[in-house]
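# Inside the fold
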Protein chains: 2
Amino acid sequence: MENKIYDLIIVGAGPAGLGASIYASRYKLDHLVIGSEIGGQVVEAWEIENYAGFEKISGKDLMGKFVKQSEKLGGKIIKDSVNNIVKTETGFKVVGEKTGEYTAQSIILALGMKPRKMNVPGEDRFLGKGVSYCATCDAMFFRGKDVVVIGGGDSAATAAIHLTEFANKVTLIYKDEKVSFEPAWIEQMKANPKIEMICCSNITEIKGDTKVSGIVYEMNGPASTRGEDRSSTRGGEKKELAVQGVFIEVGTFPGAVLAKNLGVKTDDQDYIIVDGTQATSIENVYSAGDIDTSSNKFRQIITAVAEGAVAAGSIYKKLKLKPKG
Amino acid sequence: MENKIYDLIIVGAGPAGLGASIYASRYKLDHLVIGSEIGGQVVEAWEIENYAGFEKISGKDLMGKFVKQSEKLGGKIIKDSVNNIVKTETGFKVVGEKTGEYTAQSIILALGMKPRKMNVPGEDRFLGKGVSYCATCDAMFFRGKDVVVIGGGDSAATAAIHLTEFANKVTLIYKDEKVSFEPAWIEQMKANPKIEMICCSNITEIKGDTKVSGIVYEMNGPASTRGEDRSSTRGGEKKELAVQGVFIEVGTFPGAVLAKNLGVKTDDQDYIIVDGTQATSIENVYSAGDIDTSSNKFRQIITAVAEGAVAAGSIYKKLKLKPKG
């Protein structure tokens, strides 16, 4: 354990954590960033077109720039999982899995989100054997194969588009007619001959022997977007699709276990409740990024970085500008 | 006047307006951006080191990238002053000074702030050559230099304190004995050997050749805080101070005239009041950037862009995802 007491420890090294570090350095806050995945989930994003300043960049490249900038300004970044954060008499103790313990006067929780499971038979069994939660990481293993992407949001859409670079055919299956794809992605998917979209269906099983060989799905709605006859697609009818890959993109949930252990208040969906300064319910604990209630829960790289900046600014005002004694 | 009705008109072409445009394009909102200064106030920043993704970039270059990206994604940007925004039966009419009138279903006010000027000789001439209205942006360029901060409010105090991290000496000059510094600031400034405070003085000139070399100031009151003899500091006596930097912090004001005419609610400092979705008090009118109460009024490029993104996302949900009919 180091003997020093940092002004600030930022837990999480994604856009929010690195954004906070950049501002913490600007404010001369002695701080470190600790996270299990440097760059966070964004490193899995194959192409980003909506972060202002870059017309087109991969998540890995963008996060590489954040890390370099953060370190150049004086930020210290440690790759380690955090097992616990404990309130002490003078501040907080952060317990790293491999690198030991660190203490600080203040904390920014930039914990991000974790992929949600479908909880269907075969999902756990075939993880890494055809089942993946990360198209960017694993697309290349499905060259010439048929794959399915499951989900109705932007991460499903971008996964499907990315997979067409490698796969023979990509079927996108989603639950509701009311999807939340950005219209820009819908346009691109409709124009891509490798992509087929199937609406209004639930996956009931992932099948295979030693690896994935197919999925079973069930129409849940009155009709699919393919204009099929209603009578042939009524609820309950099961269909099979032969695929070698299953990419699950059914959403994420806040990685709030550390926050809950610390006693920070969360809402009924486990998002950390923050005020306009990004302060949580515990003094000197702030939050930034996808995990909290700020920015109208609009979970984007740009909002995460901004929230990190606001949190660092608030801590600076609190720790350094308050009357002494 | 064009006959078409846009989904959205964004008034203001700084980081907030361009950030909103990038997201509006991703959401296929038919929109235009109209502003008198493409890039906004940021184009005046000679070096930016706190926008994540760029270690070092000029405001002009960064805004150039924003504009290019925005246009590439489909945003239409018009350089014009807006004289008025009027509520109509079906939406809003935006009256451009030179290019005519435009109509839209929704509005984002991204009007920004205006620094208050002192209106003294040299102020305009040395802008960016030693004269700055933003200590946070520019402090680091005065490492080891002598600078003066002008102003009697908290922004002047924080500027002075921030500048001591870099500058050799910081002189804070203010007009009245009755200042509005928080006591915490005064305490800190008095305890800081790098800061000297001079009361009761007006700046009459900023001097230099190609860049700032000094200022001329005039005692206006009965005595300075340095306890000088009253007779030696009587009104009208001019003094010179050699400095390389002049930070003018005599206040800013939200460019809120258009908002007020439209009837949008503002707080007692003229900031537009918004909720978490960036919505103002008028339906289908949103706000983003320095001019509003969001992001804890932390006025940074990254927060402005993020607020623009949130506003565009909110409008997309409101106009395009609402139940039809």
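## Structural notes on the sheet that holds strand S15 (residues 245-248) of chain A
All names here are of chain A. What the five strands build is an open sheet, ordered S8-S15-S9-S10-S11; its pairing is parallel. Each of the sheet's edge strands pairs with one partner strand only, and the pair in question is strand S8 (131-132) and strand S11 (195-198). The pairing of strand S9 (residues 146-150) with S15 spans four bridges and is parallel. Bridge pairing in S15 links Val-147 to Gly-245.

## A short note on the state of the cysteines
Residue and element names in this part refer to chain A. Overall, the coordinates contain two disulfides over all chains when judged by the stated rule. Each sulfur of the disulfide joining Cys-199 and Cys-200 lies 2.1 Å from the other. On the S-S bond that ties Cys-199 to Cys-200, the torsion sits near 60°, and the link is right-handed. In this structure, Cys-199 and Cys-200 share a single accessibility class: buried.

## Structural notes on the nonpolar core
By size, the foremost hydrophobic cluster in this structure holds 107 residues, and its most contacted members are A:Tyr51, B:Tyr51 and B:Met189. In this structure, A:Tyr51 is in contact with A:Leu62, A:Phe66, A:Ile301, A:Ile302, A:Val305, B:Tyr51, B:Ala52, B:Gln69 and B:Ile302, ignoring residues within four places of it in sequence.

## Examining the side chain of A:Thr171
Residues and elements named next belong to chain A. Along the polypeptide, Thr-171 turns up in strand S10 (residues 169-173). The buried category is assigned to Thr-171, whose relative accessible area is 3%. Setting aside its immediate chain neighbours within four residues, Thr-171 contacts Val-147, Val-148, Val-149, Glu-196, Ile-198 and Leu-241.

## With respect to the domain arrangement of chain A
All names here are of chain A. Taken domain by domain, chain A comprises domain 1 (5-114 + 252-320) and domain 2 (131-248). Contact residues are listed per partner, giving four residues for domain 1 and nine residues for domain 2. On the domain 1 side of the interface with domain 2, the three residues burying the most area are Glu-44, Trp-46 and Glu-49, jointly 84% of the side's total. For the interface between domain 1 and domain 2, the tally reads zero salt bridges. Across the domain 1-domain 2 interface, the total number found is zero residue pairs in polar contact (both at pLDDT 80 or more). Classifying every residue of the side of domain 1 that touches domain 2 gives two nonpolar, one polar and one charged.

Conventions used here
- Residues numbered from 1 in each chain as written.
- Chains lettered and ligands numbered in written order.
- Predicted model: local features only at pLDDT ≥ 70, side-chain atom pairs only at ≥ 80, totals over all residues.
- Heavy atoms only, no water.
- Pairing = 2+ DSSP bridges.
- Helix = DSSP H or I, 4+ residues; strand = E, 2+ residues; numbered from the N terminus.
- Disulfide = S-S within 2.5 Å.
- Buried < 20%, exposed > 50% of the residue type's maximum accessible area, 1.4 Å probe, protein only.
- Core = buried A, V, L, I, M, F, W, Y, C linked by side-chain atoms within 4.5 Å.
- Contact = heavy atoms within 4.5 Å.
- Domains from an automatic or database assignment.
- Buried area = accessible area lost by both parts, 1.4 Å probe.
- Salt bridge = Lys/Arg side-chain N within 4 Å of Asp/Glu carboxyl O.
- Polar contact = N/O pair within 3.5 Å; in protein donor to acceptor, adjacent residues only side chain to side chain.
- Nonpolar A, V, L, I, M, F, W, Y, C, P; charged D, E, K, R; others polar.

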